[in-house]
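Remarks on the overall topology
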Amino acid sequence: MMAIDQPQLFSGSTALSDFGDWVRKNSFSGVEVLVDEHTHHWCFPRFRQLAGLTVEPVVVPAGEGSKSVPVLAGLWQALLDRQADRQTLLINLGGGMITDLGGFVASTYKRGIPFAHVPTSLLGQVDAAIGHKTGIDVGEVKNSVGTFMPPHALVLDAGFLETLPSEELRSGMAEVLKHGLIRDATFWKELAGTDGIGIPDAAIVQRAARIKMEIVEIDPREKGLRKILNFGHSLGHAVESEAMMAGAPVRHGDAVAAGMLMESWLSRELGLLADKEWVEIRDVLSRMYPPLPLQHVDQDRMLTFLRNDKKNKGRSLRFVLLERIGKAVFDHIVEESMAIRAIQAYPSWFVPS
Ligand SMILES: NC(=O)c1ccc[n+]([C@@H]2O[C@H](COP(=O)([O-])OP(=O)(O)OC[C@H]3O[C@@H](n4cnc5c(N)ncnc54)[C@H](O)[C@@H]3O)[C@@H](O)[C@H]2O)c1
């Protein structure tokens, strides 16, 4: 298979100014910046000042609704109106919604133009902007159309997190914790010793981002190892979809934290994970994340969501489970009845306050 080029990485305190220099040194015929209305307000002034790039950004509404065909078509048209050509650089300045959308716009406009990701949310910095997946939602189906396309550059600037709302920080932190659980026990220990609240140190963000980069480099197309990044996401996605159906949506990271709890419990029940490690994971995650109201979920609907999971093979559910903290296994068959038991057991892991 063709090797996938790795993006030029800019990180640390001079990330934005180094990126600005890189843009000026390359012979792009033009530069466009994509933002949503929040990152336009909170992040674009910092970006313009530190990167030293003067450009009028293209602004889309904030929220998942912009990862859609109508917004995409509007962006293709905006690039045409601005006479962007195949050497124009598109800079995606925002959270995972903007990097997914902008990556897809850039990988399809004129059959592909160079793009750079400047993720501004924690989830974007440790997850969405890494791994070359771009995409939009079609109807209710998330990420149903997309491409695998690496950006030319990736800029990790911790300063953007200063303005990120606390619920968004907590949501992104779930993916940081996940990276420790699946790949790096020492990192998990460090995180477990914190309260998990507030803005994480730049070193934590970089370490979490590096774990994903290393996994993606080994398995860019998700044929094997990369599947471990889905830990917590089988039951997490089912919880997220069920909550959406019930009209009480939950944040992705909160659902993933619930999914990691349930999938760690399953790892213990199925004889993979030592009881002591399960108890440690339970104590840390139930302290950092509020319990989600799962007592009344529709179990049949949850099963339908689980059966539709992309990781399944044939008729059996396949999960990522933990063998120990820092080591995940993928493609593990889980009986439907066990998955339901995990959902039923979930409320008991929280100490009533
Ligand atoms: N491509 C991938 O591999 C991948 C992986 C995980 C998630 N995703 C996608 O990422 C998206 C979720 O990402 P997200 O949680 O970053 O959502 P988001 O981009 O919608 O950002 C969340 C909110 O925070 C705001 N925001 C972002 N940065 C800010 C800042 N610095 N200050 C103030 N406000 C800021 C945004 O405007 C938005 O309102 C989903 O669409 C998901 O499908 C993609």
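A brief report on the enclosed structure follows. All values derive from a computational prediction rather than experimental measurement.

**Thoughts on the environment of threonine 186**
Along the polypeptide, threonine 186 turns up in helix H8 (residues 185-192). Residues threonine 186 and aspartate 300, spaced 114 residues apart in sequence, show a C-alpha to C-alpha distance of 39 Å.

**As for the packing of helix H11 (residues 252-269) against helix H14 (residues 336-345)**
At a closest axis distance of 9 Å, the pairing of H11 and H14 adopts a crossing angle of 120 degrees. By the angle class used here, H11 and H14 are oblique. The chirality of how H11 crosses H14 is right-handed. On H14, the residues touching Met262, Trp265, Leu266 and Glu269 of H11 are Met338, Ala342, Ile343 and Ala345. Partitioning the contact of H11 with H14 into residue classes produces 7 nonpolar, no polar and 1 charged.

**Some details on the site of the ligand**
Every one of the 29 residues lining the ligand counts as a neighbour, but His38, Gly95, Gly96, Met97 and Ser121 are closest to it. Residue assignment for the shell around the ligand shows that the elements contributing at least two residues are helix H2 (37-42), helix H5 (96-108), helix H6 (122-128), strand E7 (141-148) and helix H7 (166-183). Residues of the shell around the ligand, tallied by class, amount to 9 nonpolar, 12 polar and 8 charged.

**Quick look at H5**
End to end, H5 covers 18 Å across 13 residues, agreeing with the expected 18 Å (1.5 Å per residue, within 8%). With respect to burial, H5 is a largely interior element, 12 of its 13 residues being buried. One or two positions beyond H5, positive phi appears at lysine 110, with a value near 50 degrees.

**Some words on the nonpolar core**
Counting 98 residues, the largest nonpolar core has Leu93, Val155 and Met262 as its most contacted members. Taken domain by domain, the makeup of this core includes at least three residues from each of domain 1 (8-163) and domain 2 (231-349). Not counting residues up to four positions away in its chain, the partners in contact with leucine 93 are Val33, Leu34, Val35, Thr39, Cys43, Phe44, Phe47, Ile98, Val118 and Thr120.

The rules behind the values
- Residues numbered from 1 in each chain as written.
- Predicted model: local features only at pLDDT ≥ 70, side-chain atom pairs only at ≥ 80, totals over all residues.
- Helix = DSSP H or I, 4+ residues; strand = E, 2+ residues; numbered from the N terminus.
- Axes fitted to C-alpha atoms, helices over the stretch in contact; angles between N-to-C directions.
- Parallel < 35°, antiparallel > 145°, perpendicular 65-115°, else oblique.
- Left-handed = near helix turned anticlockwise from the far one by under 90°.
- Contact = placed C-beta atoms within 7 Å.
- Nonpolar A, V, L, I, M, F, W, Y, C, P; charged D, E, K, R; others polar.
- Near = placed C-beta within 6 Å.
- Expected span 1.5 Å × (residues − 1).
- Buried ≥ 20, exposed ≤ 12 C-beta atoms within 10 Å, placed from the backbone.
- Core = buried A, V, L, I, M, F, W, Y, C linked by C-beta atoms within 7 Å.
- Domains from an automatic or database assignment.

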